[in-house]
Amino acid sequence: MNKRLSLSTPTMHSEEIAFVNEAFEKNWIAPLGFNCDNFETEMSEFLSSNTKNISCLSLNSGTSALHLAVKLAEVKKGDIVLCSDMTFSATVNPVVYEGGVPVFIDSEKDTWNMDPAALEKAFQKYPQAKVVMLAHLYGTPAKMDEIIEICNRYNAILIEDAAEALSAKYKAQECGTFGKYAAISFNGNKIITTSGGGMLLTEDKSARDKAFFWATQSREPYPWYEHKEIGYNYRMSNVVAGIGRGQLLHLEEHRGLKTDIYNRYKKGFENCPVTMNPYLQDTVPNFWLSCILLDKSVKITPLEIMEKLNQENIESRPLWKPMHMQPVFMDNDFITADTTAVNEDLFTRGLCLPSDIKMTAAEQQTVIDLIKSYL
Ligand SMILES: *Cc1c(COP(=O)(O)O)cnc(C)c1O
């Protein structure tokens, strides 16, 4: 291929630059401002329903949003936090920023997300755990009914890392609206992007305002700079918020294109010794990334496929390496439902495929044909 096929890169339209230009024309380049305010309102309208009114706070990254969520959940030094294991490290790093101790929970095979059975076991071992940090992997909703039931029974706060899952739905409810606090990301590779950015989501307006206070250096309402708490500079700039407003207009369109990509892979690999990343019937993933899992009979490894695809100028990548296998988390506990770890198996056999919405069906067919020739 002449053109490199990527996992997921930004796709801009025309509205983004119009909103950015407005910021320039008004000379409103400084952080905060009308684009941030409107982006929050528009995202709130997208996420809210008859029964849920979601307050949004625009921030400079999804990681910042997760950090503020961890602070709102009052994670303190030494507190156990039960965390998704198969995820990006940004899900769990903010727990450690606050001195919390992540305990990693294995995944189930139906969605590759946190296994409710393993979560139950973890609560039996750590009944003092008060916070659960759950990620929806690759835009596939986790088993929310079961997880929420367990969290409620153990009186634990659920933080939802919906960084990869904006516009995905579980039983018609938007991901990012289940947790007491949730984070979404607008990093360059996500389903919509601001080049870099994120949002904190919560039904609790006063929590949103507390997070805003922390995100703006914890400045007290005095004429001078008065501080009673440690603050952060986590604000989103009014310029990039303009990009986000334009992107939000195309969110459902992006999800539609990602869905088409997933379905073409699924059809293309029919009768091949691979399966796609699975999801539950009553959920609508956003199909942020399409992935395959090689059958155990397949001789070639995901890394060898990745190497071959790379020679064809096609990007692919192993699944997120589970947190419990990361050197930095060597000392942290890991809970499985069974005796063997689902995530180690997924990591050994899984591969993320090009899922860029600018990829044509013909280009995707080339990817499918190449992989089939390797199997
Ligand atoms: C991208 C991502 C984040 C972090 O978002 P940033 O905006 O890059 O800070 C957190 N969690 C998951 C699961 C992600 O994929």
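Residues numbered from 1 in each chain as written. Predicted model: local features only at pLDDT ≥ 70, side-chain atom pairs only at ≥ 80, totals over all residues. Heavy atoms only, no water.

1. Regarding the environment of Pro-273
So, point 1. Tracing the backbone shows Pro-273 in the loop between α9 (251–268) and β10 (274–276).
So, point 2. The partly exposed category is assigned to Pro-273, whose relative accessible area is 28%.
So, point 3. Each residue touching Pro-273, except ones within four places of it in the same chain, is listed here: Leu-293, Leu-294, Asp-295, Ser-297, Val-298 and Leu-375. (Helix = DSSP H or I, 4+ residues; strand = E, 2+ residues; numbered from the N terminus. Buried < 20%, exposed > 50% of the residue type's maximum accessible area, 1.4 Å probe, protein only. Contact = heavy atoms within 4.5 Å.)

2. So, the packing of helix α1 (residues 15–25) against helix α8 (residues 238–248)
So, point 1. The contact between α1 and α8 brings their axes to 7 Å, and the two run at 150 degrees. By the angle between their axes, α1 is roughly antiparallel relative to α8. For the element pair α1 and α8, the recorded crossing hand is right-handed. Taking contact as the criterion, the partners of Glu-15, Glu-16, Phe-19, Val-20, Ala-23 and Phe-24 in α1 are, on α8, Asn-238, Val-239, Gly-242, Ile-243, Arg-245, Gly-246 and Gln-247.
So, point 2. The class makeup of the residues in the contact of α1 with α8 is 6 nonpolar, 4 polar and 3 charged. (Axes fitted to C-alpha atoms, helices over the stretch in contact; angles between N-to-C directions. Parallel < 35°, antiparallel > 145°, perpendicular 65-115°, else oblique. Left-handed = near helix turned anticlockwise from the far one by under 90°. Nonpolar A, V, L, I, M, F, W, Y, C, P; charged D, E, K, R; others polar.)

3. Overview of the pairing of strand β2 (residues 80–84)
So, point 1. Along β2, 5 of the 5 residues are buried, which leaves the element largely enclosed by surrounding structure.
So, point 2. As paired elements, β2 and strand β3 (residues 101–105) share 5 bridges and run parallel to each other. In the sheet register, Leu-82 faces β3, and the bridge partner there is Val-103.
So, point 3. By the bridge criterion, 3 bridges tie β2 to strand β4 (residues 131–135) in an arrangement that is parallel. Within the sheet, the bridge partner assigned to Val-81 lies in β4 and is Val-131. (Pairing = 2+ DSSP bridges.)

4. As for the site of the ligand
So, point 1. Around the ligand, a shell composed of 15 residues is seen, among which Thr-63, Asp-161, Glu-164, Ser-185 and Lys-190 lie nearest.
So, point 2. Separating an oxygen atom of the ligand from a side-chain N or O atom of Thr-63 is a distance of 2.5 Å.
So, point 3. Asp-161 has a polar side-chain atom sitting 2.7 Å from a nitrogen atom of the ligand.
So, point 4. Protein chains bury 93% of the 380 Å² of accessible surface belonging to the ligand in isolation.
So, point 5. Considering every element that reaches the shell around the ligand, the biggest residue donor is helix α3 (residues 62–72), with 3 residues.
So, point 6. Class assignment of the residues belonging to the shell around the ligand gives a composition of 4 nonpolar, 8 polar and 3 charged. (Near = heavy atom within 4 Å. Polar contact = N/O pair within 3.5 Å; in protein donor to acceptor, adjacent residues only side chain to side chain. Areas by Shrake-Rupley, 256 points an atom, 1.4 Å probe, with all protein chains shown as cover.)

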